Amino acid sequence: MELNQRQEKIIEIVKSSGPITGEKIAEQLSLTRATLRPDLAILTMAGYLEARPRVGYFYSGKSSSQVLTEQLKNHIVKDYQSHPVVLKSDVTVYEAICSIFIEDVGTLFIVNAENDLVGVVSRKDLLRASMAGQDIHNMPVNIIMTRMPNIVLLNEADSILYAAKQMISKEIDSIPIVKTKESGHYEVTGRVSKTTITKLFVSLFDQ
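A brief look at the structure comes next. (Residues numbered from 1 in each chain as written. Predicted model: local features only at pLDDT ≥ 70, side-chain atom pairs only at ≥ 80, totals over all residues. Heavy atoms only, no water.)

### Observations regarding the packing of aromatic side chains
Aromatic ring pairs are defined here through the distance separating the ring centres and the angle between the ring planes.
1) Next: Applying the stated criterion across every chain, the model contains zero aromatic pairs.
2) Next: The side chain of R123 reaches across the aromatic face of F101, ending 5.1 Å from its centre. (Phe/Tyr/Trp six-rings, centres within 6.5 Å; stacked < 30°, edge-to-face > 60°. Lys NZ or Arg CZ within 6 Å of the ring centre and 35° of its normal.)

### Here's the deal with the sheet that holds strand β6 (residues 146-147)
Paired through backbone hydrogen bonds, the strands of a sheet run either parallel or antiparallel to each other.
1) Next: Here we have four strands laid out as an open sheet, ordered β3-β4-β5-β6, and mixed in their pairing. Only two strands of the sheet have a single partner each, and these edge strands are β3 (86-88) and β6.
2) Next: Relative to strand β5 (residues 117-122), strand β4 (residues 107-111) runs antiparallel, the two being bridged by five bridges. Each residue of the ladder has a partner; that of V111, found in β5, is L117.
3) Next: Along the sheet face, helix α5 (residues 93-102) touches β3, β4 and β5 and points at about 130° away from the line of β4.
4) Next: Sitting on the sheet, helix α6 (residues 123-131) is in contact with β4, β5 and β6, with an inclination near 70° to β5. (Pairing = 2+ DSSP bridges. Helix = DSSP H or I, 4+ residues; strand = E, 2+ residues; numbered from the N terminus. Contact = heavy atoms within 4.5 Å. Axes fitted to C-alpha atoms, helices over the stretch in contact; angles between N-to-C directions.)

### Regarding the nonpolar core
1) Next: In this structure, V93, L108, I110, V121, L126, V141 and I144 are the most contacted members of the largest nonpolar core, which totals 18 residues.
2) Next: Elements that contribute at least two residues to this core include exactly α5, β4 and α6.
3) Next: With four residues, α5 is the largest single contributor of residues to this core.
4) Next: Dropping the residues within four chain positions of it, V141 is found in contact with K88, S89, V91, T92, V93, A96, I110 and V121. (Core = buried A, V, L, I, M, F, W, Y, C linked by side-chain atoms within 4.5 Å. Buried < 20%, exposed > 50% of the residue type's maximum accessible area, 1.4 Å probe, protein only.)

### Overview of the pattern of salt bridges
1) Next: If you walk through the whole model with that rule in mind, you get eight salt bridges.
2) Next: Between E12 and K15 there is a salt bridge; the shortest N-O distance is 3.8 Å. Of this pair, E12 and K15 both sit in helix α1 (residues 5-17), separated by three residues, roughly a single helical turn.
3) Next: Taking the relative accessible area as the measure of exposure, E12 reaches 46% and is therefore partly exposed.
4) Next: Ionic pairing is found between K179 and E187, a salt bridge with its closest N-O pair at 4.0 Å.
5) Next: Here K179 falls in the partly exposed class, since its relative accessible area comes to 46%.
6) Next: Residue classification places E187 among the partly exposed residues on the basis of a relative accessible area of 30%. (Salt bridge = Lys/Arg side-chain N within 4 Å of Asp/Glu carboxyl O.)

### Examining the layout of surface pockets
1) Next: Approximately 530 Å³ is the volume found for the largest pocket.
2) Next: Along the walls of the largest pocket sit 24 residues, with T107, S122, I172, D173 and S174 positioned nearest its centre.
3) Next: Breaking the lining of the largest pocket down by element, the ones donating at least two residues are β4, β5, α6, β7 (174-180), β8 (186-193) and α8 (194-205).
4) Next: Ranked by residue count, the leading element in the lining of the largest pocket is α6, at four residues.
5) Next: Across the lining of the largest pocket, the residue classes tally to seven nonpolar, eight polar and nine charged. (1 Å grid on protein atoms, 1.4 Å probe; cavity = no way out; pocket = protein on both sides within 12 Å on 5 of 7 lines; lining within 4 Å. Points joined across faces, edges and corners; volume = space filled by probe spheres on them. Nonpolar A, V, L, I, M, F, W, Y, C, P; charged D, E, K, R; others polar.)

### Points about helix α3 (residues 33-46)
1) Next: Its 14 residues place the ends of α3 20 Å apart at the C-alpha level, agreeing with the 20 Å of an ideal helix rising 1.5 Å per residue.
2) Next: Along α3, the residues classified as buried are L36, D39, L40, L43 and A46. (Expected span 1.5 Å × (residues − 1).)

### A look at the pairing of β8
1) Next: With seven bridges connecting them, β7 and β8 associate as antiparallel partners. Counterpart to K179 in the pairing with β8 is E187.
2) Next: Connecting β7 to the next strand, β8, in antiparallel fashion are five residues, including G184 with a positive phi near 95°.

### Section: the side chain of D125
1) Next: One can find D125 in helix α6.
2) Next: Under the relative-accessibility criterion, D125 is labelled buried at 14%.
3) Next: Here the side chain of D125 touches S122 through a polar contact of 2.9 Å, landing on its backbone nitrogen.
4) Next: For D125, the contacting residues outside a window of four places in its chain are V120, I144 and T146. (Polar contact = N/O pair within 3.5 Å; in protein donor to acceptor, adjacent residues only side chain to side chain.)

### What to know about the packing of α1 against α3
1) Next: Their axes nearest at 10 Å, the elements α1 and α3 cross at an angle of 75°. Between α1 and α3, the angle falls in the class roughly perpendicular. When α1 is examined against α3, the residues R6, Q7, I10 and I11 are found in contact with a partner set consisting of T35, L36, D39, L40, I42 and L43.
2) Next: The residue makeup of the contact of α1 with α3, split by class, is six nonpolar, two polar and two charged. (Parallel < 35°, antiparallel > 145°, perpendicular 65-115°, else oblique.)

In structure tokens:
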């Protein structure tokens, strides 16, 4: 979140004089309390300031990075998931290549006849297979996919921050969101990608 000049001044006043009432802050800035109210609300909701009735505002002590981290913890993948591109495990590598470009995604999720998640295929996997001199028109995609249990999974209630950390540590571009079936296997219900997270980061900084 990028603060404007007045909001930065408010934080400095509260740091040096807090706890301090909104009226006193307004006096120091030569503004009316009504003019200042939106800025105080933003700073309080964002976590930079805390407010107590009949006491006033005081500085929370949190840095911009700490505030952003706390904001991200409140965003769960369910609210930002996109439609997953799912293919059966018996499709060919050629068909997978066509799908990944037609759908304009970086990762395909592979399922068996019961729609259980069994693998993941990335652009890199498909590029590697196409350059290896193999017959991609007849090679099934399950030959080159990353298989369970070596797949990073997300539940709908997981935080976006957790998803971002997983992508960084595992060096992957997309993670499937799954729900557990009665059989114990996983059904793919969505996906979160680096693009998803980048858009959220930009929106938070632009607030």
